[in-house]
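So you can see what is in the structure, the chains are spelled out below.
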Amino acid sequence: MILAENHHLLLNGNSNISDIYSQNSDEYYMYSAIETAKLSRLYDEVPIGSIIVCNSTGNIISSAHNQTITRQQTCSHAEILAITKACDYFKNYRLPNCSIYSTLEPCAMCAGAIIHARLSRLIFGAWDYKTGMCGSILNLFENKTNHHTTIKSGVLEQECKELLQSFFKQKRINKKLNKIK
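Residues numbered from 1 in each chain as written. Predicted model: local features only at pLDDT ≥ 70, side-chain atom pairs only at ≥ 80, totals over all residues. Heavy atoms only, no water.

Comments concerning helix α3 (residues 26–41)
Taking 1.5 Å per residue, 16 residues should reach 22 Å; α3 reaches 24 Å between its end C-alpha atoms and fits that length. The element α3 is largely enclosed, with a buried count of 12 among its 16 residues. Taken as a whole, α3 has its buried residues at Asp26, Tyr28, Tyr29, Met30, Tyr31, Ser32, Ala33, Ile34, Glu35, Thr36, Ala37 and Ser40. (Helix = DSSP H or I, 4+ residues; strand = E, 2+ residues; numbered from the N terminus. Expected span 1.5 Å × (residues − 1). Buried < 20%, exposed > 50% of the residue type's maximum accessible area, 1.4 Å probe, protein only.)

Spelled out as structure tokens, the structure:
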């Protein structure tokens, strides 16, 4: 588990993150999610990162990046993996005292898992106009469910967006290079 006291491991040794963003701010935690997303690139996975924070302590309870290709599992999205780790940590299938940070607007599967886990807040960076279910295409959180998750969008949006755009740009370049060979 990645806890706040050793978050510097997650941040690639950048122990001065508090100098950039005030600790326990949404930007601070989103930066952690971005650093987690960068791990996806090592495995040629779409760089999406997600972390779960305990609201009462400010500790980062879990973090995960996309692993659908690595695991060959459709459900291995960053949000699902982070939720699973947090549930294991708390030994509970509900996480009402936690917030989830994701670098990209969650899809239907992840939005459903967030609702079922009863996370109190969802904070995401970039909008996903192809599969996003927090307002881009639909908003699953507007439905009349027995639990209501508060949503905040656009946190470090540009940084999250650029991470994804640079990944797909490199994929297109690699594809052209492979055709030339």
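Considerations on the sheet that holds strand β4 (residues 121–126)
Overall, mixed pairing links the 5 strands, which are arranged β2-β1-β3-β4-β5 in an open sheet. One side of each edge strand has no neighbouring strand; the edge strands of this open sheet are β2 (60–65) and β5 (150–152). Each adjacent strand pair in this sheet contributes to an overall mean axis angle of 15 degrees, direction not counted. With 3 bridges connecting them, β4 and β5 associate as parallel partners. The residue bridging arginine 121 from the neighbouring strand is threonine 150, located in β5. Packing of helix α5 (residues 78–90) onto the sheet brings it into contact with β1 (49–54), β2 and β3 (98–104), and relative to β2 it is tilted by some 150 degrees. Together, β3 and β4 form the strand contacts of helix α7 (residues 157–180), whose direction differs from that of β4 by roughly 60 degrees. (Pairing = 2+ DSSP bridges. Axes fitted to C-alpha atoms, helices over the stretch in contact; angles between N-to-C directions. Contact = heavy atoms within 4.5 Å.)

A short note on the packing of aromatic side chains
One pass over the full model with this rule turns up 5 aromatic pairs. On the numbers, 5.3 Å between centres and 80 degrees between planes, the contact of tyrosine 28 with tyrosine 29 is edge-to-face. Given a relative accessible area of 3%, tyrosine 29 falls into the buried group. Between the aromatic rings of tyrosine 89 and phenylalanine 90, the centroid separation amounts to 5.1 Å while the plane-to-plane angle is 85 degrees, which identifies the pairing as edge-to-face. By the ring-pair criterion, three or more aromatic residues cluster together here, those being Tyr28, Tyr29 and Tyr101. (Phe/Tyr/Trp six-rings, centres within 6.5 Å; stacked < 30°, edge-to-face > 60°.)

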